Amino acid sequence: MHRRRRTALVLSAAIAAAAPLLTACGSDAHPGAAAVVGGQRITVAQLQSRVDEVRRAQRAAVPDQAQYEQAVARTGTLSRDTLHQMVLDRVLDRAARDAGVSVTRREVQQLRTGLEQRAGGAKALETAWLQQYGVAPERLDDNLRLQVEAQKLATKLHTDTSQPAFWQALSTASGELRVDLNPRYGAWDVQKGGVEAKAPWLRDVTSAGASPLPFPSLGAAAPRPPLSA
């Protein structure tokens, strides 16, 4: 049960931590693509749709125009952070499949139920994930599934998500998928972002004294948690 309680992984934090290490490299071999992962395009339109989800949620959460503009200003790298999150999601899925790891709907629901109890309800949890991690409410279950997946992968590898062995598995999967980013969104280096930056993405919000609320700002550019869809 102790392992299950350490479940609030925050993948967005790993992306935010990697930001200072990004460089403008890549190619323009895929017009209209924000990235190509495993031969599958993430189009600029798909990326923009995900960004718009967050902006709409921020707008609904902060109806005051001035506060909304401040929230947007604090999340000025939302497009880049969202793309790197989308890529990391696919890389993690590949690493999990390679290791024979799968996630059930029940496991995701168990995690969500526990976090909702800790946060003070479903709405409070949605607001918390939006505010600190830039996860739109409609993407919360997807994000939590990846959190469960990451923890189960780490367990399968007899390590945890802060250790090089875990990030090496992601680096191997990234190489297999031949990740190619549009240079406008920086360069992809999952191992450098995760290990050299020593950016934890595991956050034990269910432990005694811990709480996911309140959070100081809206979006994925919020302060990193101590290590985490």
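Residues numbered from 1 in each chain as written. Predicted model: local features only at pLDDT ≥ 70, side-chain atom pairs only at ≥ 80, totals over all residues. Heavy atoms only, no water.

Right, let's talk about the overall build of the chain for a bit. Along the backbone of the chain there are 10 helices and five strands. Here the chain holds 229 residues, and the buried ones make up 49% of them. Surface exposure of the chain reaches about 10,800 Å², of which carbon and sulfur atoms provide 50%. (Helix = DSSP H or I, 4+ residues; strand = E, 2+ residues; numbered from the N terminus. Buried < 20%, exposed > 50% of the residue type's maximum accessible area, 1.4 Å probe, protein only. Areas by Shrake-Rupley, 256 points an atom, 1.4 Å probe, with all protein chains shown as cover.)

This part takes up unusual backbone geometry. Despite not being glycine, histidine 158 shows a phi value in the positive range, around 60°. One can find histidine 158 in the loop between α8 (140–156) and α9 (164–177). By relative accessible area, which is 75% here, histidine 158 ends up exposed. Not every positive phi belongs to a glycine, and arginine 178 is a case in point at roughly 50°.

Further remarks concern the nonpolar core. Formed by 34 residues in total, the largest nonpolar core has its most connected members in Leu83, Val87, Leu153, Phe166 and Leu170. Elements with a contribution of two residues or more to this core: β2 (33–37), α3 (44–61), α5 (78–98), α8 and α9. The element that contributes the greatest number of residues to this core is α5, accounting for nine residues. The contacts of leucine 153, once residues within four sequence positions are left out, are Leu92, Ala95, Ala96, Ala99, Val101, Phe166 and Leu170. One finds Ala119, Leu125, Val135 and Leu144 within the second-largest nonpolar core, a separate group that totals 13 residues. (Core = buried A, V, L, I, M, F, W, Y, C linked by side-chain atoms within 4.5 Å. Contact = heavy atoms within 4.5 Å.)

Attention shifts here to the sheet that holds strand β3 (residues 40–43). An order of β3-β2-β4 is seen for the three strands of this open sheet, with the pairing classed as antiparallel. At either end of the open sheet lies a strand with only one pairing partner, and these are β3 and β4 (180–181). When β2 meets β4, the two strands line up antiparallel, connected through two bridges. Within β4, the residue paired with valine 36 across the bridge is aspartate 180. The strands touched by α3 are β2 and β3; relative to β3, the strand with the most contacts, the crossing angle is about 50°. Set on the sheet, α5 makes contact with β2, β3 and β4; between it and β3 the angle comes to about 155°. (Pairing = 2+ DSSP bridges. Axes fitted to C-alpha atoms, helices over the stretch in contact; angles between N-to-C directions.)

Across all of its chains, the model carries 11 salt bridges by this definition. Of the charged contacts in the structure, one is a salt bridge between arginine 139 and glutamate 53, with a shortest N-O distance of 2.9 Å. Residue arginine 139 is located in the loop between α7 (122–133) and α8, and its partner glutamate 53 is located in helix α3; the two are separated by 86 residues in the primary sequence. Residue class for arginine 139 comes out partly exposed when judged on its relative accessible area of 27%. Given a relative accessible area of 9%, glutamate 53 falls into the buried group. For aspartate 81, the salt bridge is made with arginine 80, and the minimal N-O distance between the two is 3.0 Å. (Salt bridge = Lys/Arg side-chain N within 4 Å of Asp/Glu carboxyl O.)

The next subject is the packing of α3 against helix α4 (residues 65–74). The contact between α3 and α4 brings their axes to 9 Å, and the two run at 145°. Crossing hand, α3 versus α4: right-handed. On α4, the residues that touch Arg55, Gln58 and Arg59 of α3 are Gln65, Tyr68, Ala71 and Val72. Residues belonging to the contact of α3 with α4 are distributed by class as follows: three nonpolar, two polar and two charged. (Left-handed = near helix turned anticlockwise from the far one by under 90°. Nonpolar A, V, L, I, M, F, W, Y, C, P; charged D, E, K, R; others polar.)

As a further point, take the pairing of β2. A large share of β2 lies buried, amounting to five of its five residues. Here β2 pairs with β3 via four bridges, running antiparallel. Opposite alanine 35, over in β3, you have isoleucine 42 as the bridge partner. Linking two consecutive strands that pair antiparallel, namely β2 and β3, is a turn of two residues; a positive phi of about 60° is found at glycine 38 within it.

Any functional reading would require information beyond the geometric quantities listed.
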